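# Architecture at a glance
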Amino acid sequence: MDSNRPKVSVIVPVWGVEKYIEKCARSLFEQTLDDLEIVFVDDCTPDKSIEILKRVLLDYPNRKDQTKIVSYEKNRGLPQARKAGFEVSEGEYITYCDSDDWVASDMYEALFIKAKEKDYDMVFCDFVYQTDDKVLWAPSYDSSKTSAQLRQDVLSMSISNSTWTKLVHRRVYEKGIYFPTIAMDEDDVLTSQMAYYSKTVGYVKRCLYFHYANPDSMTHVVSEEKKRKNLQDKVTNRKWIIDFYEKQGDESLAYPLFKYKWSVKQLSVELDGKSARGLYPEVNKDMVLGKGLTLKRRIMNFTILYMPGLWQNLKKRAIE
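Residues numbered from 1 in each chain as written. Predicted model: local features only at pLDDT ≥ 70, side-chain atom pairs only at ≥ 80, totals over all residues. Heavy atoms only, no water.

### Describing the packing of aromatic side chains
Here is the rule we go by: Stacked, tilted and edge-to-face are the three classes assigned to paired rings of Phe, Tyr and Trp, where Trp is represented by its six-membered ring and a pair needs centres within 6.5 Å; plane angles under 30 degrees give stacked, over 60 edge-to-face, the rest tilted. The numbering of helices and of strands both runs from the N terminus, where a helix is a DSSP run of H or I of at least 4 residues and a strand a run of E of at least 2.
In this structure the tally under the stated criterion is 22 aromatic pairs. Seen from their ring centres, Phe124 and Tyr141 are 5.8 Å apart, and the 70 degrees between their planes marks the pair as edge-to-face. Of this pair, Phe124 sits in strand β6 (residues 122-130) while Tyr141 is found in the loop between β7 (135-137) and α5 (147-155), placing the two residues 17 residues apart along the sequence. Judged by centre distance (4.9 Å) and plane angle (35 degrees), the rings of Phe124 and Tyr203 are tilted. Taken together, the residues span a long stretch of sequence, with Phe124 in strand β6 and Tyr203 in strand β9 (residues 201-212) at a distance of 79 residues.

Here you go:
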């Protein structure tokens, strides 16, 4: 590894976050890890986010030469903005930060130290999920698990699929990581590949990342047309993951592959109930008769597969 490389590159897509970018940027500029590269990608933001960012940067002259701002003339979406940031990054390890979130002051130092401890391909930490007035979720994980067990848990979605809690060695990207073009479940696409190519995984049992439930985010939409488009985009990206897993011919992927096929079938009920049963039919039997399922889960799965209209009505009533 080139000794002149920064230890860590943090890639930060920027779009429509003028209310939040200052808090995010300051948390990055105040990191205890000195050898840090921060790449902001201006995805043609329509507001004053970049203007605010440049103003904040003036308060941290020590970070000026470590900060890059990449600009697009046309909006390309979150996953491609991440790709643009990666392509100009130089760090030994790569990670991401959403521009309406913030991080603990020693996040990247803690992750880097853990990564170098056993030359891990990937390390991850816990995070806090919160709104303006309360913490909704602060997950924790079993730190006694082996690296192999941690890797399997990432693959099987037993832990968060977020890219922003994961520090990944550049050599993993050299396997040929695909960045999706669709911005729904894009973290699943990246994390599934990074977890597969990462042969060793470490864990820092601390909440170092603060994920803000931004009410202005593209995931907080109300139009039925947009909701349907988002569902279709989720299906598209999850089908890509299924194709990726199937091409590997790896028995260790059997469980995560089943879970993704099942998740696509659930989403397809919302799009077209009649097609759910015929999509990936090889998992139908296990969805109803598989080991370890509760009676409630069996009934729910049977309803989704064979009575999708009833399932949709039940969900609608539950929401109302």
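### Quick look at empty space enclosed by the protein
Just so we agree on the cut-off: Buried and open spaces are told apart on a 1 Å grid over the protein atoms alone, a cavity being a set of points where a 1.4 Å probe fits but cannot get out and a pocket being an open set with protein on both sides within 12 Å along at least five of seven lines. Residues with an atom within 4 Å of a point are the lining residues. Grid points are joined across faces, edges and corners, and a volume is the space filled by probe spheres set on the points. Gly is placed with the polar residues, together with every amino acid not listed as nonpolar (Ala, Val, Leu, Ile, Met, Phe, Trp, Tyr, Cys and Pro) or charged (Asp, Glu, Lys and Arg).
Following the criterion strictly, the structure yields one cavity of 30 Å³ or more and no others. As a volume, the largest cavity reaches approximately 40 Å³. Lining the largest cavity, in full, are Val154, Leu155, Met157, Asn161, Asp188, Thr191, Ser192, Tyr245 and Tyr260. When contributions to the lining of the largest cavity are tallied by element, the ones reaching two or more residues are α5 and α7 (186-197). Across the lining of the largest cavity, the residue classes break down as five nonpolar, three polar and one charged.

### Section: the packing of α5 against α7
Heads up, the rule is: Where helices are involved, their axes are fitted lines through C-alpha atoms of the stretch in contact, as for all axes, and angles between N-to-C directions lie from 0 to 180°. Working definition: roughly parallel below 35 degrees, roughly antiparallel above 145 degrees, roughly perpendicular at 65 to 115 degrees, and oblique for all remaining angles. Helix crossings are classified by the rotation of the near helix relative to the far one: an anticlockwise turn of less than a right angle makes the crossing left-handed, while a clockwise turn makes it right-handed. Should any heavy atoms of two residues lie within 4.5 Å, those residues are counted as being in contact.
One can describe the packing of α5 onto α7 by two numbers: an axis separation of 9 Å at closest approach and a directional angle of 155 degrees. The orientation of α5 with respect to α7, classified from their angle, is roughly antiparallel. When the axes of α5 and α7 are compared, the crossing they make is left-handed. Two secondary-structure elements touch here, α5 through Arg151, Val154 and Leu155 and α7 through Thr191, Ser192, Ala195 and Tyr196. Here the residues of the contact of α5 with α7 sort into four nonpolar, two polar and one charged.

Shape descriptors only; they carry no functional weight alone.
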